[in-house]
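So the chains spell out like this:
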Amino acid sequence: MVSAPGRSLWADTVPDDEHARPDPPPPTTVVDVAIVGAGLTGLWTAWYLARQDPTIRIRVVEREHIGFGASGRNGGWSSALLPMGLDRIAARAGPAAATRFQRAMYDTVREIEDFVVAHGHPDLFHRGGTIDLARSAPEEERLRDTLATYRRFGFGESDHRWLDASEARTVCGATKVGGGLFTPHCGAVHPLRLTHAVARAALGAGVEIQEGVTVHAVHEHRLDTSHGTITADVVVRATEGYTSGLDGERRTLLPLYSLMIATEPLPAEIWSEIGLAGRSTFADARHEVVYGQRTADDRIALGGRGAPYHFGSAVRPDFDTDGAIRQRLIDTLGDMFPCIREASVTHHWGGVLAAPRDWQCGVRYDRRTGLASAGGYVGDGVSTTNLAGRTLAALITGSDDDLLTLPWVGHRSRRWEPEPLRWLGVNALGRAARLADRNEQRTDSGSRVWGRVVDAVRRS
Ligand SMILES: Cc1cc2nc3c(=O)[nH]c(=O)nc-3n(C[C@H](O)[C@H](O)[C@H](O)COP(=O)(O)OP(=O)(O)OC[C@H]3O[C@@H](n4cnc5c(N)ncnc54)[C@H](O)[C@@H]3O)c2cc1C
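This report concerns the structure included in the present document.

The rules behind each value
What you see as residue numbers is a count from 1 along each chain, following the sequence as written. Only residues with pLDDT of at least 70 get local features here, since the model is predicted, and only at 80 or more are side-chain atom pairs given and counted; chain-wide, interface and lining totals rely on the full set of residues. Neither water nor hydrogens contribute to the side-chain values; these are computed over all heavy atoms in the structure. Helix and strand labels come from DSSP, where a helix needs a run of H or I of at least four residues and a strand needs a run of E of at least two; each type is numbered from the N terminus. We compute the radius of gyration over the C-alpha atoms and compare it with the globule rule, which gives 2.2 Å times the number of residues raised to the power 0.38. Exposure categories follow from relative accessible area, calculated using a 1.4 Å probe and restricted to protein chains: below 20% of the type maximum is buried, above 50% is exposed, and the middle band is partly exposed. Two residues form a contact once any of their heavy atoms are found within 4.5 Å. We call a set of buried Ala, Val, Leu, Ile, Met, Phe, Trp, Tyr and Cys residues a nonpolar core when their side-chain atoms join them within 4.5 Å. Under the rule applied, a polar contact is a pair of N or O atoms within 3.5 Å (in protein, one hydrogen donor and one hydrogen acceptor; residues adjacent in sequence only if both atoms are side-chain atoms). Ring geometry is summarised as follows: Phe, Tyr and Trp rings, the Trp one being its six-membered ring, pair when their centres sit within 6.5 Å, and such pairs are stacked at plane angles under 30 degrees, edge-to-face over 60 and tilted between the two. The definitions used throughout rest on a 1 Å grid laid over the protein atoms alone, on which a cavity is an enclosed set of points accommodating a 1.4 Å probe that cannot get out and a pocket is an open set flanked by protein within 12 Å on both sides along at least five of seven lines; lining residues are those having an atom within 4 Å of a point. Grid points are joined across faces, edges and corners, and a volume is the space filled by probe spheres set on the points. Charged residues are taken to be Asp, Glu, Lys and Arg, nonpolar residues to be Ala, Val, Leu, Ile, Met, Phe, Trp, Tyr, Cys and Pro, and polar residues to be all remaining types, Gly included. Whether a residue is near a molecule or strand is decided by its heavy atoms; if any one of them lies within 4 Å of it, the residue is near. Accessible areas in this description were obtained via Shrake-Rupley with a 1.4 Å probe; residue shielding takes into account the shown protein chains only. Given a helix with a known number of residues, its expected span is that number minus one, times 1.5 Å. Pairing between two strands is assigned when DSSP locates at least 2 bridges connecting them.

## Quick notes on the overall build of the chain
Turning to step 1, where the next piece is worked out: Counting its secondary structure elements, the chain contains twelve helices and 19 strands.
Turning to step 2, where the next piece is worked out: Here the chain has a C-alpha radius of gyration of 21 Å; the compact-globule value for 460 residues is 23 Å, and the two agree.
Turning to step 3, where the next piece is worked out: Seen along its three principal axes, the alpha-carbon backbone of the chain occupies a region of about 60 × 45 × 45 Å.
Turning to step 4, where the next piece is worked out: Expressed as a percentage of its 460 residues, the buried residues of the chain come to 58%.
Turning to step 5, where the next piece is worked out: A separation threshold of at least 6 residues defines the contact pool for the chain, and within that pool the share at least 24 residues apart is 76%.

## What about the nonpolar core?
Turning to step 1, where the next piece is worked out: Formed by 64 residues in total, the largest nonpolar core has its most connected members in Val33, Trp44, Ile58, Leu194 and Trp408.
Turning to step 2, where the next piece is worked out: Residue contributions to this core peak at nine residues, all from helix 4 (residues 95–118).
Turning to step 3, where the next piece is worked out: Other than its neighbours up to four places away in sequence, Trp408 contacts Phe101, Cys361, Gly362, Val363, Tyr377, Thr384, Leu387, Ala388 and Thr391.
Turning to step 4, where the next piece is worked out: The next biggest cluster of nonpolar side chains, apart from the first, holds 31 residues, and it includes Ala174, Leu259, Leu302 and Leu329.

## A short note on the side chain of Asn427
Turning to step 1, where the next piece is worked out: Relative to the elements of secondary structure, Asn427 occurs in helix 11 (residues 421–443).
Turning to step 2, where the next piece is worked out: There is a polar contact of 2.9 Å between the side chain of Asn427 and the backbone nitrogen of Tyr309.
Turning to step 3, where the next piece is worked out: Contact partners of Asn427, with chain neighbours within four places excluded, come to Pro308 and Tyr309.

## As for the packing of aromatic side chains
Turning to step 1, where the next piece is worked out: Going through the model one piece at a time under the given rule, you end up with twelve aromatic pairs.
Turning to step 2, where the next piece is worked out: Measuring from centroid to centroid gives 4.9 Å for Trp44 and Phe115, while their planes differ by 75°, and the two rings are edge-to-face. Of the two residues, Trp44 is situated in helix 2 (residues 40–52) and Phe115 in helix 4; the sequence distance between them amounts to 71 residues. Phe115 shares its class with Trp44; the two are buried.
Turning to step 3, where the next piece is worked out: Each ring, one from Tyr106 and one from Phe155, has its centre 5.4 Å from the other, and the planes form 80°; the classification is edge-to-face. With Tyr106 in helix 4 and Phe155 in the loop between helix 5 (137–152) and strand 6 (161–164), the pair connects residues that are 49 residues apart, well separated along the chain.

## Focus on the side chain of Arg286
Turning to step 1, where the next piece is worked out: Among the structural elements, Arg286 can be located in the loop between strand 14 (281–284) and strand 15 (290–294).
Turning to step 2, where the next piece is worked out: A polar side-chain atom of Arg286 sits 2.7 Å from a polar atom in the side chain of Asp284.
Turning to step 3, where the next piece is worked out: Excluding residues within four positions of it along the chain, Arg286 makes contact with Arg135, Glu139, Arg142, Thr332 and Asp437.

## Description of the layout of surface pockets
Turning to step 1, where the next piece is worked out: Of the voids in this model, the second largest pocket is the one considered here, and its volume is about 560 Å³.
Turning to step 2, where the next piece is worked out: Along the wall of the second largest pocket there are 32 residues; nearest its centre are Leu256, Val426, Asn427, Leu429 and Gly430.
Turning to step 3, where the next piece is worked out: Of all the secondary-structure elements, those providing two or more residues to the lining of the second largest pocket are strand 13 (254–263), helix 9 (323–336), helix 11 and helix 12 (448–459).
Turning to step 4, where the next piece is worked out: Examining the composition of the lining of the second largest pocket, we find that ten residues originate from one element, helix 11, more than from any other.
Turning to step 5, where the next piece is worked out: Here the residues of the lining of the second largest pocket are counted per class, giving 16 nonpolar, six polar and ten charged.

## Here's the deal with the site of the ligand
Turning to step 1, where the next piece is worked out: The environment of the ligand is formed by 38 residues, the closest being Thr41, Glu62, Ser71, Val215 and Gly379.
Turning to step 2, where the next piece is worked out: Take Ala70: an N or O atom from its main chain is 3.1 Å from an oxygen atom of the ligand.
Turning to step 3, where the next piece is worked out: Summarising the interface, the protein chains cover 99% of the accessible area of the ligand, which totals 1,000 Å² for the free molecule.
Turning to step 4, where the next piece is worked out: Examining the composition of the shell around the ligand, we find that three residues originate from one element, strand 17 (residues 345–355), more than from any other.
Turning to step 5, where the next piece is worked out: Along the lines of polarity and charge, the residues of the shell around the ligand split into 18 nonpolar, 15 polar and five charged.

## Let's talk about helix 10 (residues 384–397)
Turning to step 1, where the next piece is worked out: Between the first and last C-alpha of helix 10 there are 20 Å, a value that for 14 residues agrees with the 20 Å anticipated at 1.5 Å per step.
Turning to step 2, where the next piece is worked out: Of all 14 residues that make up helix 10, 13 are buried, and the element is covered over most of its length.
Turning to step 3, where the next piece is worked out: Backbone geometry just downstream of helix 10 places Gly398 in the positive-phi region, at approximately 75°.

## Let's talk about unusual backbone geometry
Most peptide bonds adopt trans geometry, and most residues besides glycine take a negative phi value.
Turning to step 1, where the next piece is worked out: The residue after Glu419, namely Pro420, is reached through a cis peptide bond having omega 5°.
Turning to step 2, where the next piece is worked out: Looking at the secondary structure, you find Pro420 in the loop between helix 10 and helix 11.
Turning to step 3, where the next piece is worked out: In the Ramachandran plot, Leu276 falls in the positive-phi region, its phi being about 55° despite a non-glycine side chain.
Turning to step 4, where the next piece is worked out: Note on placement: Leu276 falls in the loop between helix 8 (268–274) and strand 14.

## Brief notes about the pairing of strand 16 (residues 300–304)
Turning to step 1, where the next piece is worked out: For strand 16, the buried fraction is high: five of the five residues fall into the buried class.
Turning to step 2, where the next piece is worked out: Every second residue of strand 16 is oriented toward a common face, with Ile300, Leu302 and Gly304 on one face and Ala301 and Gly303 on the other, all of them buried.
Turning to step 3, where the next piece is worked out: Here strand 13 pairs with strand 16 via four bridges, running antiparallel. Each residue of the ladder has a partner; that of Ala262, found in strand 16, is Ala301.
Turning to step 4, where the next piece is worked out: Two elements, strand 15 and strand 16, share five bridges in a ladder whose sense is antiparallel. Along strand 16, the bridge assignment pairs Arg294 with Ile300.
Turning to step 5, where the next piece is worked out: Taking the residues between adjacent antiparallel strands as the criterion, strand 15 and strand 16 are bridged by five residues, where Asp298 takes a positive phi near 65°.

Shape is all these values report; function is a separate question.
And the structure:
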């Protein structure tokens, strides 16, 4: 059955009894901690806070419903990836801090795995690792560089290893595979089930979740909302791709769309060709990112960037789908796995993620103003939100925790340029990535000009 455009596979496959259904909170407008956004950042923060100190009164305020944002719609890679890469962290904080941060991400993947088991849903996280496929000579060069970087920072074969062509094809039988970079530090998750599981845990720990309330502005110790003012010692902004809609935050984070498709469940004969028996999440190393997973119900869910950035950082429901991107994803799927060209694509949806100007995510808390925030994960937020939630909880409760020494704590990115510079620059970058990929496909050699443009701008 083909679902309505914009409706995600995940929304269609959450068992009814797993929905978190908060009761309307009591009428009081004074709480200890008010959190804006019931995505994974807001919910993990609430849950860890409530666990650390059950006496804290916590209210999560959500404009739509739990898991409405990227947390409920993503590609389901619970990975240890950080958007900025180890060299850039090291340039700011030193190599030892970069290594510690990466290890904290490996632990975070384990933390999420433990959480789902402890909460009775072991099936919603499947640790199959990730394979990045080298499907051309320049892709292989980039992936070997990535591996060399991991080695320089002290990570060995058990964390990241090179697979030759036949090993890589056994993991994921795509076409043109010349090798691959494999890491065990990733699980395939059903993202909306995960988000509801965290929300249920938070509700169980006494957190209040208020849906259908829009926050217009975040102030010191106060939220202005569509339903009046909420006063709190601490206010946490966890609005990620939607941040540009808040008063005064238009240029804080850039909303970027990522769009997905999912096939119908595929039969066993097809899986015997494709592989993915261990449900490794998969990608290749093109510039215009694509990412895929074999779902628990035997579909392929594939996503990719490449949707345009919308002038003025606009975010609208009709941007969640795009006929041209849908077709590009179908073509990519057919190119990687010709045996599923005839399979129906049952879902097409998208969502908005957030890019900081320096591509470096951060967690911040100012005890004096009571203002806290976390985000800027670009496309790597499923696990990072958990680390952010634990870190915010430690900051707010004043616990002495090693997490507080990680180099993203307190990091602030500069603001994006005003329009039309933002629109011109970001969309030009998107076109450069597409051109670099096209050149590489045609020539099987690195696209010097466009590839360098993309790399240089991402580093700037
Ligand atoms: C299509 C797609 C695929 C992705 N794939 C992956 C992946 O495979 N792996 C990975 O690690 N990351 C992935 N990401 C990124 C990841 O999903 C996000 O980084 C992460 O979910 C961010 O969580 P969050 O809670 O910070 O934000 P969100 O989940 O976006 O939550 C923010 C919430 O705030 C609410 N809100 C916003 N403004 C207001 C307001 N003014 N008042 C009240 N409420 C408000 C929103 O309604 C929303 O529910 C993907 C993202 C997308 C869009």
